[in-house]
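# An overview of the molecular structure
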Amino acid sequence: MKIVDGHCDALTKLFQNGKLEFNQDVSELDVCIPKLQQAGVKVQFFAIYLSESIPNPSFEHVLQMIDIFHRKILNHPQMRWIRTASDWLLIEQTQEIGAVLTIEGLDALAGNLTHLRILDYLGVRCAGITWNYANWAADGVMESRKGGFTKKGKLMLKEIETMGIIVDVSHLSVAGFWELVDVYRKPFIASHSNAYHVCPHPRNLSDDQIKAIIQCKGMLGITFVPYFLENLYSSAQISTILKHIDHICALGGESQIGFGSDFDGIDQWVKDLRHVGDYGNIIEALCKNYSESQVEAFLYGNWRNFMLQNLPQ
Ligand SMILES: [Zn+2]
């Protein structure tokens, strides 16, 4: 069965540690070519995420990460870059694994919309507005003042609508989420967030938020971060992931569910889900509870449909 994974931080690890090689099966990388092949992952999204250890993230850092994406990931013949819907269709005719470039948090752009347009030209296809805290565009979900978008951030939303970049609301504040729903006219995604109803963590989405994503025909990437799955996160299991899927299905989101693991961005793991190669264990659990066509849609078909409709042609 083919798989799409809508979020990982392997790029950050490759950026931080020049010795890591993406085609080698090393324990430091949850996502690497041998593990992607082991599970049958067909398309992996790679986030440009500048960790908090970089004191003043600049556009130069973003460009360095894009350089790493090309030199460390796309340089391997097993990998193929996806920028357009036709790229996606092309890789389906091959054994190659598709790589979608995304960005998590627009902090390093410092409000410069020219830089945002350049990211569009450079093939960035999804953009999380914030990480957990406030930036020039909006407040993140952990920012205590709980604000929404800035004036500049709202201007950016108008501009990004004209680009080939899909907006990602994972990490965005609740106020920001609803302001976006008011003004933004395209489908958007939450690449790695779960259901608040099942696990009340601020990074998760309320039922109303989930319904808004369903309404706009967006996508919800179920994430494997243990503390977004269950409050007693040390006991998070694959069955816990199914609870989130059941809940989103009950809200009518069956065609909007996909996965966004957050592998390489986590330091605790769900039992039996230590790395991307372990997707087979989820497939097994899903097949016990859902029909084959539903399982295929959660793992691949829903992301595929969404991306074919929302990527540039
Ligand atoms: Zn994240």
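Residues numbered from 1 in each chain as written. Predicted model: local features only at pLDDT ≥ 70, side-chain atom pairs only at ≥ 80, totals over all residues. Heavy atoms only, no water.

For the protein, the name recorded in an unreviewed UniProt entry is Dipeptidase, with Paenibacillus oryzisoli as its organism.

## Digging into empty space enclosed by the protein
Applying the stated criterion across every chain yields a total of 2 cavities of 30 Å³ or more. Counted as a void, the largest cavity has a volume near 80 Å³. Lining the largest cavity are 13 residues, and of these V141, L172, P202, N204 and L205 sit closest to its centre. Of the residues in the lining of the largest cavity, the class split is 7 nonpolar, 5 polar and 1 charged. By volume, the second largest cavity amounts to about 60 Å³. Lining the second largest cavity are 13 residues, and of these H7, T102, I103, D168 and S191 sit closest to its centre. Broken down by class, the residue content of the lining of the second largest cavity amounts to 4 nonpolar, 7 polar and 2 charged. (1 Å grid on protein atoms, 1.4 Å probe; cavity = no way out; pocket = protein on both sides within 12 Å on 5 of 7 lines; lining within 4 Å. Points joined across faces, edges and corners; volume = space filled by probe spheres on them. Nonpolar A, V, L, I, M, F, W, Y, C, P; charged D, E, K, R; others polar.)

## A closer look at the nonpolar core
Judged by nonpolar contacts, the single largest core of 93 residues is most densely connected at F22, F46, M156 and F259. Here this core gets 8 residues from one element, more than from any other, and that element is helix 3 (residues 59-74). Among residues more than four places away in sequence, those in contact with F46 are C8, A10, L11, F22, V31, F69, I73, M79, A99, V100, L101 and T102. Membership of the second largest hydrophobic core comes to 18 residues, among which are A85, I91, I166 and M219. (Core = buried A, V, L, I, M, F, W, Y, C linked by side-chain atoms within 4.5 Å. Buried < 20%, exposed > 50% of the residue type's maximum accessible area, 1.4 Å probe, protein only. Helix = DSSP H or I, 4+ residues; strand = E, 2+ residues; numbered from the N terminus. Contact = heavy atoms within 4.5 Å.)

## Thoughts on the packing of helix 11 (residues 279-289) against helix 12 (residues 292-310)
Any two packed helices are characterised by how steeply their axes cross, that is the angle between the axes, and by the distance between the axes. Helix 12 packs onto helix 11 with a crossing angle of 150 degrees between their chain directions and a minimal axis gap of 9 Å. By the angle between their directions, the pair helix 11 and helix 12 is classed as roughly antiparallel. As for the relative orientation of helix 11 and helix 12, their crossing is right-handed in sense. Residues Y279, I283, L286 and C287 of helix 11 touch helix 12, and the partners they reach there are V295, F298 and L299. Partitioning the contact of helix 11 with helix 12 into residue classes produces 7 nonpolar, no polar and no charged. (Axes fitted to C-alpha atoms, helices over the stretch in contact; angles between N-to-C directions. Parallel < 35°, antiparallel > 145°, perpendicular 65-115°, else oblique. Left-handed = near helix turned anticlockwise from the far one by under 90°.)

## Some words on the packing of aromatic side chains
In the structure shown here, the tally under the stated rule is 16 aromatic pairs. Judged by centre distance (6.3 Å) and plane angle (50 degrees), the ring pair of W88 and Y300 falls under tilted. With a gap of 212 residues between them, W88 in helix 4 (residues 85-91) and Y300 in helix 12 connect regions that are remote in the sequence. This pair shows no difference in class: W88 is buried, exactly as Y300 is. Here the aromatic rings of F224 and F263 are separated by 5.7 Å at their centres, their planes lie at 70 degrees, and the arrangement is edge-to-face. Residue F224 is located in the loop between strand 8 (219-222) and helix 9 (226-229), and its partner F263 is located in the loop between strand 9 (257-259) and helix 11; the two are separated by 39 residues in the primary sequence. Residue class for F224 comes out buried when judged on its relative accessible area of 1%. Residue classification places F263 among the buried positions, given a relative accessible area of 0%. In this structure an aromatic cluster arises from ring pairing among F22, F46, F69 and W81. (Phe/Tyr/Trp six-rings, centres within 6.5 Å; stacked < 30°, edge-to-face > 60°.)

## A short note on the pairing of strand 8
Every second residue of strand 8 is oriented toward a common face, with M219 and G221 on one face and L220 and I222 on the other, all of them buried. Taking the sense of rotation as the criterion, the β-α-β connection linking strand 7 (residues 189-190), helix 8 (residues 207-215) and strand 8 turns out right-handed. For strand 8 and strand 9, the ladder comprises 3 bridges, and the chain directions are parallel. When the bridges of strand 9 are listed, L220 appears paired with I257. (Right-handed = clockwise from strand over helix to strand, strands pointing away. Pairing = 2+ DSSP bridges.)

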